[in-house]
Amino acid sequence: MKKRFLTALFTSMIILSTTILVFAEEKEYSISAINLILNVTDELNVLTRNVSEGNPALEILDADAIELQNSYLQNHVYLDAFPDNLQYEILVTATDVNNSQAKNFSELSEADFMDYCDKLTEQFASSEKESLLEMKIYENDTTKYVYTYTHSTFDDVSVYAAKYYTVMNGYNYNYTLQSNDLPIDGTLSTQLKDIVDSAQYTEVKSSITESGLFMELYETFIGFGITVLVLGVLLFLLIRSTKKVH
């Protein structure tokens, strides 16, 4: 009986793990401050402005929550995604549009885009540290973007950056993938493009889940709950085993 119980238990755990792997390929992030919803693969660690001290990704960055929160605020960062090896980083940044005459990029004509790209090319040409490797207009079902791929050198560090930029609903949105000493290949480009293609520019109501305090309590209780569950299962098996001996 005990053997059958253990077999059923382990089978259930395997099924649950498989289900999590199947349905946890991407996670949705809703950011009310900039009215943005997007998806990011679970292969990446993701931090937002509600990062708490209980987040295990802080150990990878060797940083504390307050330090990151301040950095995100100063640099207009709303989402920060990166792999365990820190070979690259994807940042979603946004700022208010100061020009009241600015239009959504989805409404701009081809001529307007070409004029913008010409001005952007001139800016890169005058830069001594940053070189433009590629620029194009990218359009999906939601809106249009200006895509740039650049290389720069700062303090002997070679930095590659791929960026999608758009204007929607009163915000400048930037989706940037940057890496040190690592040219951005097709796999990384696809990863960034998938995030861009998932973006929804729609009204997002503020939620308690965006609070750093909520996340800290949530992570604490989740960790406590898993510990209690494991101890409960072990205690149950121990009791059953003791009963069978008698």
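Note that this is a predicted model, so its numbers are computed, not measured.

> Help me understand the sheet that holds strand 2 (residues 36-41) in this model?
With respect to topology, three strands assemble into an open sheet ordered 1-2-10, the strand pairing being antiparallel. In this open sheet, the two edge strands, each paired with only one partner strand, are strand 1 (26-31) and strand 10 (200-201). Strand direction decides the pairing type here: strand 2 and strand 10, joined by two bridges, are antiparallel. The residue of strand 10 that forms the bridge with leucine 36 is tyrosine 201. Helix 5 (residues 186-198) rests against strand 2 and strand 10 of the sheet, and its axis sits at about 150 degrees to strand 2.

> What should I look at first to understand helix 5 in this one?
What sets the pattern is the α-helix's 3.6 residues per turn: residues three or four places apart point alike. For helix 5, with 13 residues, the first-to-last C-alpha span of 18 Å sits near the 18 Å given by 1.5 Å per residue. For helix 5, the set of buried residues is Leu188, Gln191, Leu192, Ile195, Val196 and Ser198. Two or three places before threonine 187, at the opening of helix 5, aspartate 185 has a side-chain oxygen 3.2 Å from that residue's backbone nitrogen.

> How should the nonpolar core be read in this particular structure?
Burial of nonpolar side chains together is a common tendency in soluble globular proteins. Leu36, Leu38, Val40, Tyr173 and Tyr175 are the most contacted members of the largest nonpolar core, which has 34 residues in total. Listing elements by their share of this core, those giving two or more residues are strand 1, strand 2, strand 4 (77-82), strand 5 (88-96), strand 7 (144-154), strand 8 (157-168), strand 9 (171-180) and helix 5. Discounting residues that sit within four places of it in the chain, valine 40 has contacts with Glu25, Glu26, Lys27, Tyr29, Val46, Leu79, Ala81 and Ile195.

> I'm lost on the packing of aromatic side chains in this one. Help?
For any pair of aromatic rings, the description rests on two quantities: the centre-to-centre distance and the angle between the ring planes. Summed over the entire model, instances satisfying the criterion amount to twelve aromatic pairs. Lying across the ring of tyrosine 78, arginine 49 places its NZ or CZ 3.8 Å from the centre. The ring of tyrosine 147 carries the charged tip of lysine 136 above its face, separated from the ring centre by 5.1 Å.

> For this particular structure, what's the right way to read the pairing of strand 4?
Residues in a regular strand project their side chains so that they alternate between the two faces of the sheet. A large share of strand 4 lies buried, amounting to six of its six residues. For strand 4 and strand 5, the ladder comprises four bridges, and the chain directions are antiparallel. Residue aspartate 80 lies in a different strand from strand 5, and its bridge partner there is leucine 91. Where strand 4 folds back on strand 5, the antiparallel hairpin that results is connected by five residues, among which leucine 86 adopts a positive phi of roughly 55 degrees.

> Any chance you could explain the sheet that holds strand 8 here in plain terms?
By definition, the strands of a sheet pair up through backbone hydrogen bonds, in either a parallel or an antiparallel sense. The seven strands lie next to each other as 3-4-5-9-8-7-6, forming an open sheet whose pairing is antiparallel. Looking along the sheet, the strands with just one partner apiece sit at the ends: strand 3 (45-48) and strand 6 (130-139). Going from strand to strand, the sheet's axes swing by 15 degrees on average, the running direction of each strand aside. Its contacts with the sheet place helix 4 (residues 110-125) against strand 6, strand 7 and strand 8, and it is angled at close to 170 degrees to strand 6. Across the sheet, helix 5 is in contact with strand 5, strand 6, strand 7, strand 8 and strand 9; its angle to strand 9 comes to roughly 160 degrees.

> Would you mind showing me how to read the confidence of the model for the chain here?
Mean pLDDT over the chain works out to 83, with 75% of the residues at or above the 70 mark. Segment residues 5-24 is flagged for pLDDT under 50; beyond a separation of four residues in sequence, or across chains, it makes five contacts in the model. With pLDDT under 50 throughout, residues 211-219 is counted as low confidence; its partners more than four residues away or in other chains account for 13 contacts.

So, how was this worked out
Residues numbered from 1 in each chain as written. Predicted model: local features only at pLDDT ≥ 70, side-chain atom pairs only at ≥ 80, totals over all residues. Heavy atoms only, no water. Pairing = 2+ DSSP bridges. Helix = DSSP H or I, 4+ residues; strand = E, 2+ residues; numbered from the N terminus. Contact = heavy atoms within 4.5 Å. Axes fitted to C-alpha atoms, helices over the stretch in contact; angles between N-to-C directions. Expected span 1.5 Å × (residues − 1). Buried < 20%, exposed > 50% of the residue type's maximum accessible area, 1.4 Å probe, protein only. Polar contact = N/O pair within 3.5 Å; in protein donor to acceptor, adjacent residues only side chain to side chain. Core = buried A, V, L, I, M, F, W, Y, C linked by side-chain atoms within 4.5 Å. Phe/Tyr/Trp six-rings, centres within 6.5 Å; stacked < 30°, edge-to-face > 60°. Lys NZ or Arg CZ within 6 Å of the ring centre and 35° of its normal. pLDDT = per-residue confidence, 0-100.

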